[in-house]
Amino acid sequence: METDVHAAIRRAAELQGRTMTDFIVSAAREAAQRAIADAEVIRLSLADSQRFVDAILAPPPPVEALQRAMSRHDRLLRNE
C-alpha cells in the first residue's frame, strides 16, 4: 500500500476511533451497497415518474402489429 494512502486510512480510522481493518471493511461495505443500489434501483425525475404513472394508469391503445401478435398468440394457445 502506498505510504500516503496508508497514512490517510490510518488517520481516518483514528479520527473515527476504529481500527484500520474495521475502517476499511466498513468503507468497502458502504461502497458495495452503493454499487448494488446504483445497479438495481431506477431513479426517475418527478416528470418521468409522472409519465410512468400516467402510462400505467392509462396505457395507449395497442398498435396494429401488437394486436396481430396477440391474436396469433391466442390462436396458438387454443391450438388453432
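Thresholds, definitions, all that
- Residues numbered from 1 in each chain as written.
- Predicted model: local features only at pLDDT ≥ 70, side-chain atom pairs only at ≥ 80, totals over all residues.
- Heavy atoms only, no water.
- Helix = DSSP H or I, 4+ residues; strand = E, 2+ residues; numbered from the N terminus.
- Buried < 20%, exposed > 50% of the residue type's maximum accessible area, 1.4 Å probe, protein only.
- Areas by Shrake-Rupley, 256 points an atom, 1.4 Å probe, with all protein chains shown as cover.
- Salt bridge = Lys/Arg side-chain N within 4 Å of Asp/Glu carboxyl O.
- Patch = residues over 30% accessible without salt bridge, like charges linked within 9 Å, V, L, I, M, F, W, Y side chains within 5 Å.
- Expected span 1.5 Å × (residues − 1).
- Contact = heavy atoms within 4.5 Å.
- Axes fitted to C-alpha atoms, helices over the stretch in contact; angles between N-to-C directions.
- Parallel < 35°, antiparallel > 145°, perpendicular 65-115°, else oblique.
- Nonpolar A, V, L, I, M, F, W, Y, C, P; charged D, E, K, R; others polar.

1. A closer look at the overall build of the protein chain
Link 1 in the chain: Of regular secondary structure, the protein chain possesses four helices and zero strands.
Link 2 in the chain: For the protein chain, the sequential pattern of α-helices and β-strands runs α-α-α-α.
Link 3 in the chain: Out of the 80 residues belonging to the protein chain, those deemed buried represent 5%.
Link 4 in the chain: Surface accessibility of the protein chain: about 7,100 Å² in total, with carbon and sulfur atoms responsible for 60%.

2. Some points on the pattern of salt bridges
Link 1 in the chain: The tally for this structure, following the rule as stated, stands at four salt bridges.
Link 2 in the chain: A salt bridge links Arg18 to Asp22; the nearest nitrogen and oxygen atoms lie 3.4 Å apart.

3. Topic: the environment of Ala37
Link 1 in the chain: Structurally, the position occupied by Ala37 is in helix α2 (residues 20-40).
Link 2 in the chain: Ala37 gets classed as partly exposed once you look at its relative accessible area, which sits at 23%.
Link 3 in the chain: Spatially, the C-alpha atoms of Ala37 and Asp4 are 30 Å apart, while their sequence positions differ by 33 residues.

4. So, a nonpolar patch on the surface
Link 1 in the chain: Residues Ile42, Leu44, Phe52, Val53, Ile56 and Leu57 make up a contiguous nonpolar surface patch of about 670 Å² in total accessible area.
Link 2 in the chain: Checked against the element boundaries, Val53 lands in helix α3 (residues 46-57).

5. Considering helix α4 (residues 64-77)
Residues that lie three or four places apart on an α-helix share one face, since the helix turns once every 3.6 residues.
Link 1 in the chain: Compared with the 20 Å implied by 1.5 Å per residue over 14 residues, the 20 Å span of α4 between its first and last C-alpha is a close match.
Link 2 in the chain: Backbone geometry just after α4 places Asn79 at a positive phi near 60 degrees.

6. Some remarks on the environment of Thr19
Link 1 in the chain: You can see Thr19 is positioned in the loop between α1 (3-15) and α2.
Link 2 in the chain: Sequence separation of Thr19 and Ile9 is 10 residues, and the distance between their C-alpha atoms is 9.7 Å.

7. Concerning the environment of Leu44
Link 1 in the chain: Counting through the fold element by element, Leu44 comes out in the loop between α2 and α3.
Link 2 in the chain: Considering only alpha carbons, one finds Leu44 and Arg11, 33 residues apart in sequence, at a separation of 38 Å.
Link 3 in the chain: Setting aside anything within four residues of it in sequence, one finds Leu44 in contact with Ser49 and Phe52.

8. Concerning the packing of α1 against α2
Angle between the axes and distance between the axes: these two values describe a pair of packed helices.
Link 1 in the chain: Across the interface, α1 lies against α2 with an axial gap of 9 Å and an inter-helix angle of 95 degrees. Here α2 runs roughly perpendicular to α1, going by the angle between their axes. For the pair α1 and α2, the contacting residues are His6, Ile9, Arg10, Ala12 and Ala13 in the first and Met20, Phe23 and Ile24 in the second.
Link 2 in the chain: For the contact of α1 with α2, the residue count by class is six nonpolar, one polar and one charged.

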